[in-house]
Amino acid sequence: MEKDGALELGGKGVVHEGRVVVVVGAGYVGLTYAAGLAARGFSVRCVDVNPDVVEAVNSGRTPIDEPGLGDALERARAAGLLEATTDLGRALRGASVAMVCVGTYCDDEGRIDLSHVREASRALGRALPGAGSHVVVTVKSTVIPGTTDGVVKPILEEVSGMLCGRDFGLCMSPEFLREGNALHDITHPDKVVIGGYDRASIEGLRPFLVPEDAGGGSGGGAPVPVVETDLRTAELIKYAQNAFLATKISFINELALLAEKFGVNVGDVARAMGLDHRISPAFLNAGAGFGGSCFPKDVLALAKAAEQVGVEPVMLGATLRANDRQKLHPVCLLEEMTGDGWIRGRRVAVLGLAFKPNTGDTRQAVSRSVLDALLGASAGSVVVHDPSEMAVEEVRETYGGRLVYASSVEECLRGADAALLLTEWEEYRGLGPEAFTSNMNRPPVVVDARRVYDRGTFERAGVKIRVIGESDDRSFVPP
Ligand code: UGA
């Protein structure tokens, strides 16, 4: 396929050497990097073991629900800069970088499961000798310190018969993409972290990861800070960051519980705290806890790894326990308003299934804990709604006929005795009290678990409402 120092990709575009990236794993991270790199003119080959995923990407469909991703992938394809394949050997020919973007999961104990990372490493090891180019293998998957040099490197060397640092490069570069904002995060990163086996590996990867024109995360045009470090430090940076953000959320959520008992609005407390530049306002939104595929899994995996090295994970454990408690708090607030046993036989509406707005992901979502609790309390019917069809389908796979699936907010609220708002989708933020008073049984009982409604306005309209982190109960006086 080589022609005068250039490579032909799928017979369409002609790309120059030093511009080819192979992305191993066409999941959420892999596809976002594929789209981001192609937008910067790199030629991207996405490799996945699942032929359905490959077929979807090659025919312009995205297997995940991420704003803008479908269009970005389509543009890349149309420009001849993106091709998906199951054939890693072919994809790696002439490539400069191979990014490992496969998922890491937890085993039953919560420990990290590296089976996909191992499989991808073996496949890369088999393909490396035929690449005909110097490839920097780059681990993007979130992995516990010690994985890249202790697991990936030996597999690559053993299977390929090649030597790391001489025949191929090795880096670990964590990603900090937020679901729902992934494309923005990839073009406007706050920072790029590159952990390298050696200096040459870092130099080889750097041009692929530092968006020259993107400016800083604030969009102010400053150069993106690049942190160059070793493999293990890069691995721990990712966990440290996710664990810290999760801890910030658990902290403000505990404050929310206290605020309810002290007759205080936690939003005012968070706003004031956030004005201290040492704290910052980000991730101080109290709510029903964190979900998703990252925070819960990563904090747990780091806690398990801490135990393995003989350090009791006191902080990490507290972050997780506080989150488990918080996820059930919407149901506790409902019971506080209505009394024990009230849920039995009632029709309860649940607005929001995705773990956060603008995603179809329901993994570890608050909705799942709340649905289990409502069904466990023998609610007469639980009616659910989410603007993302993917989120609804994921929940349907788990709960099937035990739930009623509403196709609009009105249908969800109609005839309901209580409503719980669990995800702050724009569509729900815009609802006034009349959406609840005109559809629900009277008096409508509402729990706002994401702090989007003005309590006074709702109460004046006749809605019985509790907002997480707020109350007028000033009865507590220190003894
Ligand atoms: C998170 C990190 O923010 C990313 O930087 C990281 O790359 C990613 O994990 C990952 O490891 O791949 P994500 O899980 O997409 O991204 O979502 P976040 O926007 O961080 O929200 C996580 C959860 O925290 C959501 O359930 C959200 O509702 C909750 N949250 C967030 C709060 O309850 N309060 C806040 O103030 C912020």
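Scroll up for the structure.
Just so it is clear, the structure is predicted and the values come from calculations on it, not from any experiment. (Residues numbered from 1 in each chain as written. Predicted model: local features only at pLDDT ≥ 70, side-chain atom pairs only at ≥ 80, totals over all residues. Heavy atoms only, no water.)

Attention now goes to the nonpolar core. As a rule of thumb, nonpolar side chains are buried together in soluble globular proteins. L334, L351, L371, L374, F436 and Y453 are the most contacted members of the largest nonpolar core, which has 61 residues in total. With near-sequence residues (within four places) excluded, L374 lies in contact with V331, L334, I343, V348, V350, A379, V382 and L420. Counting residues in each nonpolar core, the second largest holds 40 residues, with A38, L69, A84 and L177 among its members. (Core = buried A, V, L, I, M, F, W, Y, C linked by side-chain atoms within 4.5 Å. Buried < 20%, exposed > 50% of the residue type's maximum accessible area, 1.4 Å probe, protein only. Contact = heavy atoms within 4.5 Å.)

Looking now at the packing of helix α1 (residues 28-39) against helix α3 (residues 69-78). For the pair α1 and α3, interaxial distance at closest approach is 9 Å and the crossing angle is 50°. Classified by the interaxial angle, the pair formed by α1 and α3 is oblique. Considering how the two elements wind past one another, α1 and α3 form a crossing that is left-handed. For the pair α1 and α3, the contacting residues are L31, T32, A35 and A38 in the first and L69, A72, L73 and A76 in the second. Considered class by class, the residues forming the contact of α1 with α3 number 7 nonpolar, 1 polar and no charged. (Axes fitted to C-alpha atoms, helices over the stretch in contact; angles between N-to-C directions. Helix = DSSP H or I, 4+ residues; strand = E, 2+ residues; numbered from the N terminus. Parallel < 35°, antiparallel > 145°, perpendicular 65-115°, else oblique. Left-handed = near helix turned anticlockwise from the far one by under 90°. Nonpolar A, V, L, I, M, F, W, Y, C, P; charged D, E, K, R; others polar.)

Here we take up unusual backbone geometry. In this model, R442 is joined to P443 through a cis peptide bond whose omega is -10°. Tracing the chain through its elements places P443 in the loop between α18 (433-437) and β18 (445-448). The phi dihedral of N358 falls on the positive side, at around 65°, and the residue is not glycine. With respect to the helices and strands, N358 occurs in the loop between β14 (347-351) and α14 (366-376). A relative accessible area of 43% places N358 in the partly exposed class.

For the α-helix, the turn length of 3.6 residues means that residues three or four positions removed from each other point alike. If you check α1, its first and last C-alpha atoms are 17 Å apart, about what 12 residues at 1.5 Å a residue would give, namely 16 Å. Burial of α1 is extensive: 11 of the 12 residues sit out of reach of the surface. Those residues of α1 that sit buried are Y28, V29, G30, L31, T32, Y33, A34, A35, G36, L37 and A38. Positive phi appears at G41, one or two residues downstream of α1, with a value of about 95°. (Expected span 1.5 Å × (residues − 1).)

In short, shape yes, function no, at least from these values alone.
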